[in-house]
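Each chain, letter by letter, is given below.
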Amino acid sequence: MADASLAVTWLGHATILFESPKGRRVLIDPWLNNPSCPAASKDVGHIDLVLITHGHSDHIEDAPAVAKNTGATVIGNFEVCQWLGRQGVEKVSPMNKGGSQDHDGIRISMVHAVHSSSYIEQKMHWRIVYLGEAAGYVVRFENGLSVYCAGDTALFGDMALIRELYAPTVAFLPIGDLFTMGPQAAARAVDLLGVRQVMPIHYGTFPALTGTVGEFRSLVEPKGVRVVELTPGARQEIHAADA
Ligand code: NI
Ligand code: MN
């Protein structure tokens, strides 16, 4: 087998592309025109699954286009999937918190997040569309590696239940502050989750997102947690041994 490991490419902000050990391509929260996404990475190529954490435009903006261009199945909560259907997305697979679904050996569990979820439509009249509750995901890949993608969230105590139920070894956590956890709360999340490896996201996209990897690192590395600072557009392997 040429490559049985999990690979990740951060595309800036909250957009994450996974290549699973068996070659499935899973895209989280596609917003490819975010200021951090390199031009060469905006064409994501073939995609099997798109996962949406919530309806804010910085997480869902390019989901309809990616789904139409690639034929990917889009997973999101019931409201998000209904909305995507109205945008012309043909393959949706709705779920809600507490549930799991399997796609070709990849298990996707939707978990809690503390955040809001809506989309502002301005085509005809300005209106704000409610899109259900914000969520996070635990994705268990074919090699057994479980990854927690928190989505946008505040810190919440039931992250301890995510640890208990799904035992993720790697977490993608927002650290930018203002709309999500900042470094201090994210460091506390690491304690509750029990993860040994963290990849910070949702920071630095705009000046308003002030949380830094440096601050986060200074809080968690003394506890033996590995912080991986991803470079947008740069593919990187995630090994269970590192976790
Ligand atoms: Ni949001
Ligand atoms: Mn966001």
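No experiment lies behind these values; they were computed from the predicted model shown.

**Notes on the overall build of the protein chain**
Counting secondary structure elements, the protein chain contains 6 helices and 15 strands. In terms of overall dimensions, the protein chain has a C-alpha envelope of 50 × 45 × 35 Å along the principal axes. Within the protein chain, the proportion of its 243 residues that are buried is 54%. Of the roughly 10,400 Å² of accessible surface on the protein chain, 51% is carried by carbon and sulfur atoms. The distance from the centre of the 19 positive side-chain charges to the centre of the 25 negative ones in the protein chain is 3 Å.

**What about the pairing of strand β6 (residues 100-103)?**
Here β6 shows a clear split, with Gln 101 and His 103 buried on one side and none of Ser 100 and Asp 102 buried on the other. Pairing of β6 with strand β7 (residues 106-112) involves 4 bridges; the strand directions are antiparallel. Bridged to His 103 within β7 is Ile 106. Linking β6 back to β7 in an antiparallel pair, the connection comprises 2 residues, with Asp 104 at a positive phi of about 55°.

**Considering the coordination of the nickel ion (ligand 1)**
On the protein side, the nickel ion (ligand 1) has His 54 (NE2), His 56 (ND1), His 115 (NE2) and Asp 152 (OD) as donor atoms, found 2.1 to 2.3 Å from it. If you look at the nickel ion (ligand 1), its 4 donor atoms make angles of 90 to 177° with each other, and the shape they trace is irregular. Site description for the nickel ion (ligand 1): donor spacing in sequence, H-x1-H-x58-H-x36-D. Separating the nickel ion (ligand 1) from the manganese ion (ligand 2) is a gap of 3.3 Å, bridged by Asp 152, which donates to each. Neither residue differs from the other here; His 54 and His 56 are each classed as buried.

**So, the nonpolar core**
Phe 18, Tyr 148, Phe 172 and Leu 173 are the most contacted members of the largest nonpolar core, which has 54 residues in total. For this core, the element with the most residues is helix α5 (residues 183-193), which contributes 6 residues. Core analysis: the second largest hydrophobic core is formed by 22 residues, Leu 11, Leu 32, Val 80 and Val 89 among them.

**Topic: unusual backbone geometry**
A positive phi angle is found at Leu 178, which is not glycine, with a value near 70°. With respect to the element layout, Leu 178 can be found in the loop between β12 (170-174) and α5. Positive phi, normally seen in glycine, also occurs at His 202, with a value near 55°. The class of His 202 is buried, set by a relative accessible area of 2%.

**As for the pattern of salt bridges**
Inspection of every chain in the model, using the stated rule, returns 10 salt bridges. In this structure, Arg 107 engages Asp 102 in a salt bridge whose closest nitrogen and oxygen atoms are separated by 2.7 Å. According to the relative accessible area criterion, Arg 107 is partly exposed, its value standing at 30%. Within the structure, one salt-bridge network assembled from shared partners comprises Glu 19, Arg 25 and Arg 235.

**Observations regarding the pairing of strand β13 (residues 197-201)**
A large share of β13 lies buried, amounting to 5 of its 5 residues. Neither face of β13 is exposed, since Gln 197, Met 199 and Ile 201 on one face and Val 198 and Pro 200 on the opposite face are all buried. Following the backbone out of β12, through α5 and into the adjacent parallel β13, one traces a crossover that is right-handed. Across 2 bridges, the pairing between β13 and strand β14 (residues 226-227) is parallel. In the strand pairing of β14, Val 198 is matched with Val 227.

**Brief notes about helix α2 (residues 63-70)**
Ala 63, Pro 64, Val 66, Ala 67 and Thr 70 are the residues of α2 that are buried. The buried side chains of α2 occupy one side of the element, clustering within an arc of 165° when seen end-on. In α2, the exposed positions angled more than 90 degrees off the buried face are occupied by Lys 68 and Asn 69. Contacts made by the buried residues of α2 are with β3 (25-28), β4 (49-51), α1 (57-60), β5 (73-75) and α3 (78-86).

**A look at the layout of surface pockets**
Unfilled space is identified by rolling a water-sized probe across the atoms. Approximately 180 Å³ is the volume found for the largest pocket. For the largest pocket, the full set of lining residues is His 13, Trp 31, His 56, Asp 58, His 115, Asp 152, Phe 179, His 202, Phe 206, Ala 208 and Leu 209. The residue makeup of the lining of the largest pocket, split by class, is 5 nonpolar, 4 polar and 2 charged.

Thresholds applied
- Residues numbered from 1 in each chain as written.
- Chains lettered and ligands numbered in written order.
- Predicted model: local features only at pLDDT ≥ 70, side-chain atom pairs only at ≥ 80, totals over all residues.
- Heavy atoms only, no water.
- Helix = DSSP H or I, 4+ residues; strand = E, 2+ residues; numbered from the N terminus.
- Buried < 20%, exposed > 50% of the residue type's maximum accessible area, 1.4 Å probe, protein only.
- Areas by Shrake-Rupley, 256 points an atom, 1.4 Å probe, with all protein chains shown as cover.
- Lys, Arg positive; Asp, Glu negative; His and termini not counted.
- Charge placed at Lys NZ, Arg CZ, Asp CG, Glu CD.
- Pairing = 2+ DSSP bridges.
- Donors = N, O, S within 2.8 Å, 3.2 Å for Na, K, Ca; no water.
- Tetrahedral: all angles 85-135°; square planar, octahedral: opposite > 155°, others 65-115°.
- Core = buried A, V, L, I, M, F, W, Y, C linked by side-chain atoms within 4.5 Å.
- Salt bridge = Lys/Arg side-chain N within 4 Å of Asp/Glu carboxyl O.
- Right-handed = clockwise from strand over helix to strand, strands pointing away.
- Arc of directions from axis to C-beta.
- Contact = heavy atoms within 4.5 Å.
- 1 Å grid on protein atoms, 1.4 Å probe; cavity = no way out; pocket = protein on both sides within 12 Å on 5 of 7 lines; lining within 4 Å.
- Points joined across faces, edges and corners; volume = space filled by probe spheres on them.
- Nonpolar A, V, L, I, M, F, W, Y, C, P; charged D, E, K, R; others polar.

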